[in-house]
Amino acid sequence: DAGVTQSPTHLIKTRGQQVTLRCSPKSGHDTVSWYQQALGQGPQFIFQYYEEEERQRGNFPDRFSGHQFPNYSSELNVNALLLGDSALYLCASSLVNQGWETQYFGPGTRLLVL
Amino acid sequence: DAKTTQPTSMDCAEGRAANLPCNHSTISGNEYVYWYRQIHSQGPQYIIHGLKNNETNEMASLIITEDRKSSTLILPHATLRDTAVYYCIVRGLYSGGSNYKLTFGKGTLLTVNP
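In terms of regular secondary structure, chain B is built from 0 helices and 9 strands. Counting from the amino terminus, chain B carries its helices and strands in the arrangement β-β-β-β-β-β-β-β-β. In summary, chain B has a C-alpha radius of gyration of 14 Å against a globular reference of 13 Å for 114 residues, a match within 12%. Over its C-alpha atoms, taken along the principal directions, chain B stretches across nearly 45 × 30 × 25 Å. Counting across all 114 residues of chain B, residues that qualify as buried make up 46%. Here the analysis covers contacts within chain B between residues at least 6 apart in sequence; of these, 59% occur between residues at least 24 apart. As displayed, chain B has an accessible area near 5,700 Å², and 49% of this comes from carbon and sulfur atoms.

Facing the 24 residues of chain A at the interface are 23 residues of chain B. Here chain A and chain B share an interface that buries about 1,800 Å² over both sides, 53% of which is from carbon and sulfur atoms. Among the residues of chain A in contact with chain B, Q56, W100 and F105 of chain A are the three that bury the most area, contributing 25% of the side total. At the boundary of chain A and chain B, one finds 1 salt bridge. The closest approach of N and O atoms between E101 of chain A and R91 of chain B, which form a salt bridge, is 2.4 Å. Our count for the chain A to chain B interface comes out at 9 residue pairs in polar contact (both at pLDDT 80 or more). Looking at the side of chain A that touches chain B, the elements with two or more residues in it are β4 (31-37), β5 (44-50), β6 (53-57), β9 (87-94) and β10 (104-105) of chain A.

For residues that are not glycine, phi is negative in most cases, and the peptide bond is trans in most cases. Residues and elements named next belong to chain A. Look at the link from S7 to P8: it is a cis peptide, with omega at -10°. With respect to the helices and strands, the residue P8 is situated in the loop between β1 (5-7) and β2 (10-13). Unusually for a residue other than glycine, E52 sits at a positive phi of about 65°. Mapped onto the secondary structure, E52 falls in the loop between β5 and β6. Unusually for a residue other than glycine, A80 sits at a positive phi of about 45°. Topologically, A80 is positioned in the loop between β8 (74-78) and β9.

A separate point is the side chain of R63 of chain A. All names here are of chain A. With respect to the helices, strands and loops of the structure, R63 is situated in the loop between β6 and β7 (64-68). At a separation of 2.8 Å, a polar atom in the side chain of R63 contacts the side chain of D85. Those residues in contact with R63 that sit more than four places away from it in its chain are N77, V78, N79, A80, L81, L82 and D85.

All names here are of chain B. With respect to the helices and strands, R68 occurs in the loop between β6 (61-64) and β7 (70-75). Buried charge without a partner: R68 forms no salt bridge, and the closest opposite charge is E31, 5.9 Å away. Look past the residues within four positions of R68 in its chain and what remains in contact with it is H24, I27, S28, G29, N30, E31, L51 and K52.

Attention shifts here to the pattern of salt bridges. A complete count under the given rule lists 5 salt bridges over all chains for this structure. Between R57 of chain A and E54 of chain A there is a salt bridge whose closest N-O contact spans 3.1 Å.

As a further point, take the nonpolar core. With 21 residues, the main nonpolar core has L20, W35, L73, L75, Y86 and L110 of chain B as its most contacted residues. Among the elements of the structure, β2 (18-23), β3 (32-38), β4 (45-50), β6, β7, β8 (84-91) and β9 (108-113) of chain B are those that each provide at least two residues to this core. Sorting elements by how many residues they give to this core places β8 of chain B first, with 4 residues. Counting residues in each nonpolar core, the second largest holds 20 residues, with F60, L76, L81 and V113 of chain A among its members.

In the structure shown here, the tally under the stated rule is 2 disulfides over all chains. Across the disulfide from C23 of chain A sits C91 of chain A; the S-S distance is 1.8 Å. Classification of the bridge connecting C23 of chain A and C91 of chain A rests on its S-S torsion, roughly -55°, and on that basis the disulfide is left-handed. Taken together, the positions of C23 of chain A in strand β3 (residues 19-24) and C91 of chain A in strand β9 put the pair 68 residues apart, joining distant regions of the chain. There is no split in this pair, since C23 of chain A and C91 of chain A are both buried. With its sulfur 2.1 Å from that of its partner, C22 of chain B forms a disulfide with C88 of chain B. Measuring the twist about the S-S bond at about -80°, one finds the C22 of chain B-C88 of chain B disulfide to be left-handed. Taken together, the residues C22 of chain B in strand β2 and C88 of chain B in strand β8 connect sequence positions 66 residues apart. Here C22 of chain B and C88 of chain B have matching classes, each one buried. Left without a disulfide partner, C12 of chain B is nearest to the cysteine sulfur of C22 of chain B, which lies 18 Å away.

Rules behind the numbers
Residues numbered from 1 in each chain as written. Chains lettered and ligands numbered in written order. Predicted model: local features only at pLDDT ≥ 70, side-chain atom pairs only at ≥ 80, totals over all residues. Heavy atoms only, no water. Helix = DSSP H or I, 4+ residues; strand = E, 2+ residues; numbered from the N terminus. Rg over C-alpha atoms; globule rule 2.2 N^0.38 Å. Buried < 20%, exposed > 50% of the residue type's maximum accessible area, 1.4 Å probe, protein only. Contact = heavy atoms within 4.5 Å. Areas by Shrake-Rupley, 256 points an atom, 1.4 Å probe, with all protein chains shown as cover. Buried area = accessible area lost by both parts, 1.4 Å probe. Salt bridge = Lys/Arg side-chain N within 4 Å of Asp/Glu carboxyl O. Polar contact = N/O pair within 3.5 Å; in protein donor to acceptor, adjacent residues only side chain to side chain. Lys, Arg positive; Asp, Glu negative; His and termini not counted. Core = buried A, V, L, I, M, F, W, Y, C linked by side-chain atoms within 4.5 Å. Disulfide = S-S within 2.5 Å.

Printed below as a string of structure tokens:
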């Protein structure tokens, strides 16, 4: 049973460019969350998708957008990249069970903005 | 979500038990305690969670004090592969509002020494 997968593993972009990161959830999971982790910090919540809709959003600008597909996979898009967007981007998938859910993380995509 | 306080770092000898403390004095009655760990440059890994009773699984034990204001994660026989940052997270039931996200602090860097 494959866990959460993310692609690509590493990415280098320049300021002003746009980037798309991809996530496939763990088998049986229907919810995908995205987190940004800057060096030396804990992961910060970007947003969560469920039933192809953004359910909750963290404190991130509109340059960060996402999408969830009918097969529950998800994309994170970041426009007009800034140097400060350099980080590890983590995807987590989950399935709600009786009012609680456990998020399982993928290995992340490391983005470097030059 | 209630705020958590963890020591910045801890050391443990290989083969000994590692006891990682977490304070969450403002926890409310329906909030769970979750533990994740993150090995360098990998995605966070779910370890265990609990509400008020002690919990044990194949990875660790979670001891929550009777007043629920603190908890301890116990790795019974630490190995070098347990060296990681351990995050204690308090989170309410998955029922809307701010409860969809995980709020990470800086965690505790546990170093297991040979």
